[in-house]
Amino acid sequence: MVVILRDLFRYSAEFRIGAVLVGLVLLLSALAGLSPYSPQSVYVVPPDAPPSLTYWFGTTSRGQDVFWQVSFAIRNTLLFGCTVALVSRLLALVIGLVSGYKGGWIDRALMSLNDTVIVIPLLPILVLFFFVMRDRMSWLMLALLMGGFGWAYDARLIRSVVMTLRTREFTQTCLFSGMRTQEILLQEHLPYVMPVLVSTTLNNMVWSIGLEVTLSVLGFTDINTPTIGGMIYWANQHAAMVAGIWWWIAFPTIAIIMTFTGLYLIGVAANQYIDPRSQLRGVGGTP
Amino acid sequence: MNGYLAYVGRRLGQFLLVVFIGINVAYVITHASPIDPVEQSISAVTSYGNTAPAAIDEMRTSLRELYGLSGTAFEQYVLFWNRIMRADFGPSMSAFPTPVATLVGRALPWTLGLLTVSIVVAWGLGNLLGGLAGYYQNNRGLKLMGVIAMAVHPMPYYVLALLLLILFGFVWPVLPINGGSAMNLPPTLTVEFIVSVLQHAILPALSLILIGIGSWFLGMRSLVSNIVNEDYVIYAELAGVRPWRVLSSYVMRNALVPQMTGLAMSLGGIFNGAVITEKVFGYPGLGSLLVDAVYAGDYGLVLGVTTISIIGVSIGVLAIDLLYPLLDPRVKVS
Amino acid sequence: MHARSEPARAVENAEPMLSVRDLRVHYRSSRFGIERDVKAVDDVSFAVRRREIYGLAGESSAGKTTLTKSIAGAVRPPMVFVGGSVDFAFLSGYGGLHRAPPAEVARIRWRHLAYIMQSSMSLLNPVRQLRSTFIDFAYPHIGGSRSQFEQEVVAHLARVQLDPSVLAAYPHQLSGGMRQRAILALATICRPDLLIADEPTSALDVLVQREVLGMIRGIQRETGSSVLLVSHDMGVHALATDRLGIMYAGRLVEEGATPEIFRSPLHPYTRHLISSLPRIGDDAPHEGLESAPPNLADPPSGCRFHPRCPLAREACRRQVPPMQEAAPGRRVACFALETGQRDE
């Protein structure tokens, strides 16, 4: 594993840039634990102060230190993205494995469901969900809901991998030796599926964080927990752009752009790495 | 031809399934909510003064009927579907007594226009440039485009819209940043009106297009760089088929097939982007309508817009699905 | 098998159709810190005469495909043309097709030199009808009106027993045999002087194989062209070729007239290939070769066959045996034979 990371770092410009960006973001989010202020408290510092040596990122109109706010915000946003990624990976894995391996009507039914989930525009549904739940909506609920919709694309990928594996000889050998379906899926097929899972996780995180930011900016989530979108929402509520308090919007925006670009670049590098390696091994006789 | 009809039948079936499930999901969410919209409306109305209890009861009954919330759960469900079939979503609370259907009808053309233009330009141009970039891999201009695309594409729609807003609203105010058309022009088909509409559409469309182009460009480029190693492309080149012919007939034609599938799958996401973009620029489409409806607590309108969005996106996907076999003769039409 | 009809006889003393000299082609790649230099074709020299079918045999990854690709000018990274030259009767002086100016290449492609790539299953554009491919490949060379061209195509398809209706078909609608015949028709419609066919029958069942090989021979006889036929299947060579070259690990180890090679193979590797062909009534146990096929990124020193050769001696490890004429029209690269020691 370490070797892989080291190789990636040395030879892929995309990975280097991506890793630096993500590293900075992670650092910022880790610092949240050191914050002298509680994330929900307001008016703890003089409001509307521009960036200076005391307040590195300035302060908001609500009297919060932008630096510490961004730190909490990015941490929450990342945690959210990870939760959604986890839930949807599990679903994608289960559905993809079962569908690809079993085939037949189970496959058709699951893929029909899959196509349905891909097509339905998620934002209106989430908005509707927020509308009816209002203050009772928790982050966990939102994460579960998004995870429940985010598995479709990857389930298809996993399914196609499993379908090719099913016809390979070693699967027949397993069957003849009496292994049960679950055992075959988990022990034999899973290692082939892992690379797909890893590369799609990053995309999935970008997607879920993007959706969360969109919802929060509109104020459709629990805006008292600081998140990047939430910060921008409050900034808009206080007409920060017009009042010239640009730092309130700029820093969270920069943080989220760094996050997205970093994750995306790492994903690109991971894909490059997964592909040509296997091609390389095929060149020139027996290894 | 028979095969194609069977294919159409299957796609149509899938379409109906999606719409049915989607709308049911919306229904379940609203009706499983712990909040009673009727009580909410009543408390909003009665909090300002003294209302006779009898009047409150009457209000409750009529509101329940308006919202379709009277009767048993089953009766409500049937009534709900009945109304949807007739495109009756009830009156809008925030714009009482205008029916929701009217409001949606007014907003729909704006969103439709914005989305169609943005998608056509982003997908078309993005694929064209991406294809060229994948084929002519040493061209510096195209390589530069690739870097820009990589930088822009992961940006969330909101951020880009905001940047454009700041750029053209405050720094260089040459384009209108709010509304669908100039406020003093009546919505008739005069040249002035059309020009105004186009002017107002530039920023929202640009916002959607820039991000869209980035992702189609990158996808197409990577697709094409794989396709150029396919046996049939190499073979055509070896046979001396001219480069532009290889590019168009062997490379692009084959790359467009998965890109079409990709378009169908991303329609939902593009719609999401349109919602936020409309809100930022105050563009009077479904997105703005939805957001404002939530702010105003207008239950009927929210449900109406959600339903229309689901139906709309599904129709878009269906249209693409039906065009698909024209591009790819290998589609199993059995 | 070799009927004495005039057009088929190889013209021995005229300038050869194709002459390959000291060809070296490697695969070089450097990715994520791993460098590889695979010597796929290492110092190969041979010539294909006019009006003959020359076969190239050897196991997979012996370098046959790399050889045909470099002859046909399909040199692209990671493949690197390291040294030597490839000259044709219709194009010489450049040392290789990929070095010739585009105008020259366009002139000879398909009209003088045609190439059937390996893996015929995916050589045709999947989203276009066959007709479109014929127009793309052949029409620029044949010209005339479209309808005239189509008539000519239909006539040519008849030679490979394909119905005109295949022109409107898509590749996936054709069976393997039909696709292979279509590709054969596509490659020969302009009557090229040299046809290079790389494994033209490997995905086909035995009966269809015979048919296609018969068609290749028939067309060759009719047009008086030369054919370079590559196959790992010795049976194919027995059926269709006039002369045969045996490749092993990127080098040519034996060459001669096909019937003679089958009757008395000289090189130990050739002998193994011939003896491993199943014969009805043959009950003798067959032995496989020792150890594994060579790793071309790090090949054995000297003669590349020496780790598996029953006749290997000290010289074989130290030096590369040169291709020498062991008999008129026969060349072999083996030290064991030079000193006159034979196993018979």
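Please read all numbers here as calculations on a predicted model, not as lab measurements.

## Comments concerning the pairing of strand β9 (residues 251-257) of chain C
All names here are of chain C.
And step 1. Of all 7 residues in β9, 6 are buried, a share of seventy percent or more.
And step 2. Bridge count between strand β8 (residues 243-248) and β9: 6 bridges; the pairing is antiparallel. For Y248, the partnering residue across the bridge sits in β9 and is R251.
And step 3. As paired elements, β9 and strand β11 (residues 330-332) share 2 bridges and run antiparallel to each other. Counterpart to E254 in the pairing with β11 is V332.

## A closer look at the environment of A49 of chain A
All names here are of chain A.
And step 1. Note on placement: A49 falls in the loop between α2 (13-30) and α3 (66-102).
And step 2. For A49, a count of 17 C-beta atoms within 10 Å gives the class partly exposed.
And step 3. A49 sits 11 residues away from T60 along the chain, and the two C-alpha atoms are 7.2 Å apart.

## Considering the sheet that holds strand β7 (residues 226-230) of chain C
All names here are of chain C.
And step 1. Spatial strand order, β5-β6-β7-β3-β8-β9-β11-β10: 8 strands in an open sheet with mixed pairing. At either end of the open sheet lies a strand with only one pairing partner, and these are β5 (113-116) and β10 (324-327). On average, each strand axis in the sheet is inclined to that of its neighbour by 20°, with strand direction left out of account.
And step 2. Each of β5 and β6 (194-198) is contacted by helix α5 (residues 176-188), which is oriented at about 165° to β5, the strand it contacts most.

## A closer look at the packing of helix α10 (residues 243-281) of chain B against helix α11 (residues 286-296) of chain B
Residue and element names in this part refer to chain B.
And step 1. Where α10 contacts α11, the two axes come as close as 7 Å, and the packing angle between them is 75°. By the angle between their axes, α10 is roughly perpendicular relative to α11. Mapping the contact onto sequence places A274, V275, I276, E278 and K279 in α10 and G287, S288, L290 and V291 in α11.

## Structural notes on the confidence of the model for chain C
All names here are of chain C.
And step 1. Per-residue confidence for chain C gives a mean pLDDT of 84; residues scoring 70 or more make up 90%.
And step 2. In this model residues 1-9 is a low-confidence stretch, pLDDT under 50, and it forms 9 contacts with partners more than four residues away in sequence or in other chains.
And step 3. Note on the complex model: pTM 0.82, ipTM 0.83.

## Focus on α3 of chain A
Residues and elements named next belong to chain A.
And step 1. Between the first and last C-alpha of α3 there are 53 Å, a value that for 37 residues agrees with the 54 Å anticipated at 1.5 Å per step.
And step 2. Of all 37 residues that make up α3, 26 are buried, and the element is covered over most of its length.
And step 3. Immediately downstream of α3, the backbone of G103 shows phi near 65°, a positive value.

Rules of the game
- Residues numbered from 1 in each chain as written.
- Chains lettered and ligands numbered in written order.
- Predicted model: local features only at pLDDT ≥ 70, side-chain atom pairs only at ≥ 80, totals over all residues.
- Buried ≥ 20, exposed ≤ 12 C-beta atoms within 10 Å, placed from the backbone.
- Helix = DSSP H or I, 4+ residues; strand = E, 2+ residues; numbered from the N terminus.
- Pairing = 2+ DSSP bridges.
- Axes fitted to C-alpha atoms, helices over the stretch in contact; angles between N-to-C directions.
- Contact = placed C-beta atoms within 7 Å.
- Parallel < 35°, antiparallel > 145°, perpendicular 65-115°, else oblique.
- pLDDT = per-residue confidence, 0-100.
- Expected span 1.5 Å × (residues − 1).

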